[in-house]
Amino acid sequence: MKKIKKINYKEKFFVAGSKGMVGSAVCRILKKHGYGSKEFGGEILTPTRNALDLINEEEVKIWFKENRPTVVIIAAAKVGGIFANSSKPYDFLFENLKIQNNIIEASFENDVKRLLFLGSSCIYPKSCKQPIKEEYLLSGKLEPTNEWYAIAKIAGIKLCQSLRSQHKFDAISLMPTNLYGPNDNYHPTNSHVMPALINKFINAKEKGLDTVTCWGTGTPLREFMHVDDLASAILFCLENWSPDDENAPLDNLGNPLTYLNVGTGSDITIKELSKLIAFETNFKGEVKWDYDKPDGTKQKLLCIDKIKSLGWEPIIKLSDGIKRTISEINKESFL
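Procedures and definitions
- Residues numbered from 1 in each chain as written.
- Predicted model: local features only at pLDDT ≥ 70, side-chain atom pairs only at ≥ 80, totals over all residues.
- Heavy atoms only, no water.
- Axes fitted to C-alpha atoms, helices over the stretch in contact; angles between N-to-C directions.
- Helix = DSSP H or I, 4+ residues; strand = E, 2+ residues; numbered from the N terminus.
- Parallel < 35°, antiparallel > 145°, perpendicular 65-115°, else oblique.
- Left-handed = near helix turned anticlockwise from the far one by under 90°.
- Contact = heavy atoms within 4.5 Å.
- Nonpolar A, V, L, I, M, F, W, Y, C, P; charged D, E, K, R; others polar.
- 1 Å grid on protein atoms, 1.4 Å probe; cavity = no way out; pocket = protein on both sides within 12 Å on 5 of 7 lines; lining within 4 Å.
- Points joined across faces, edges and corners; volume = space filled by probe spheres on them.
- Pairing = 2+ DSSP bridges.

Participant: Looking at this structure, how should I read the packing of helix α6 (residues 193-207) against helix α10 (residues 318-328)?
Facilitator: A packed helix pair is summarised by two numbers, namely the angle formed by the two axes and the spacing between the axes. Remark: α6 packs on α10, axes separated minimally by 12 Å, with the N-to-C direction vectors making an angle of 55°. Classified by the angle between their axes, α6 and α10 sit oblique to one another. Along this stretch, α6 crosses α10, giving a crossing that reads as right-handed. Residues Met-194, Ile-198 and Ile-202 of α6 form the contact with α10, whose own contacting residues are Leu-318, Ile-322, Thr-325 and Ile-326. Residues that form the contact of α6 with α10 fall into these classes: six nonpolar, one polar and no charged.

Participant: Help me understand the layout of surface pockets, please; the structure alone is not making it clear to me.
Facilitator: The method is simple in principle: a probe with the dimensions of a water molecule rolls over the atoms, and the space it marks as empty is what remains. Estimates place the volume of the second largest pocket at around 240 Å³. Along the wall of the second largest pocket there are 13 residues; nearest its centre are Ile-29, Lys-32, His-33, Asp-228 and Ser-232. In the lining of the second largest pocket, the residues fall into six nonpolar, two polar and five charged.

Participant: Explain the sheet that holds strand β11 (residues 268-269) here, please?
Facilitator: Two strands in a sheet stick together by hydrogen bonds in their backbones, pointing the same way (parallel) or opposite ways (antiparallel). If you walk across this open sheet you meet the three strands as β11-β8-β13, and the pairing is mixed. The open sheet has two edge strands, β11 and β13 (299-300), and neither has a second partner. Across two bridges, the pairing between strand β8 (residues 221-222) and β11 is antiparallel. Counterpart to Leu-221 in the pairing with β11 is Thr-269.

Pasting the structure below:
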């Protein structure tokens with residue numbers, strides 16, 4: 001018996017953050033699979049920041065009433081690396097709370113059919129058993145270098161969970177690992193580790209430098225997933241997963257989970273990552289490490305058993321993803 005999808009081709013999708021790395025990947029995969037086609041009455045709504053200020057509650061409410069989306073994907077967030085999170089804690093907490101609260105509340109008030117909220121692997125405690133299971137949420141203290149962003153994301157997960165519990169609102173959440181790919185942020189200090197390293201090595205190669213200096217010791221283990229794999233997980237879950245399903249993943253107490261991890265199931269040291277990027281950028285010089293800069297959490301590897309039990313798996317290998325990302329970069333965007 002063929003399984004009936006939980007969304008159809010007539011849906012009006014609102015992809016919040018559609019110009020960013022994740023949002024643009026979501027738009028690509030929706031279109032690839034036939035969603036948003038006017039032929040079937042579908043649409044993909046991608047308002048720019050100038051057209052819709054997600055921090056402005058009144059603007060968001062008016063926009064929802066006028067456009068009436070049926071499926072909402074929240075890929076909009078204020079993001080950044082260790083330095084950005086540490087130097088602007090208020091911005092990361094307040095702006096992310098405003099963005100997600102405004103969208104989730106407006107979705108609920110306007111009878112959105114399905115909502116998918118994107119969190120982050122940083123929601124989990126600093127000293128977590130590895131690999132990290134969904135049940136470990138709120139079981140310990142957060143990593144101080146990104147706790148403000150993490151607290152906002154945890155609030156978003158719990159807001160979706162509480163709406164489902166109290167009002168039967170169909171909200172689900174996914175917790176992706178570290179992402180990379182097209183439309184990433186390559187700012188030298190405000191970006192995440194993967195784009196920051198790619199930026200460093202391409203700059204060094206282009207300028208003929210003999211050395212590249214990287215933050216920390218290089219020993220932490222990190223998991224990296226190409227954004228196209230996350231987009232495939234988002235579409236898969238929108239089509240196939242509801243916490244109310246009979247076969248839905250449960251926590252260790254037998255309760256349905258409203259959020260699932262999304263990752264690759266494997267990790268790599270930052271030093272090994274730097275070697276991969278150096279190879280793909282053809283940088284032949286020396287790599288030095290600035291031990292005065294923070295490492296962050298020593299290891300963050302997500303357990304993805306639960307989403308795999310539903311039938312989803314990542315397909316892009318790290319080496320292939322890095323090669324693809326470097327080949328797609330428009331150098332003017334960050335050099």
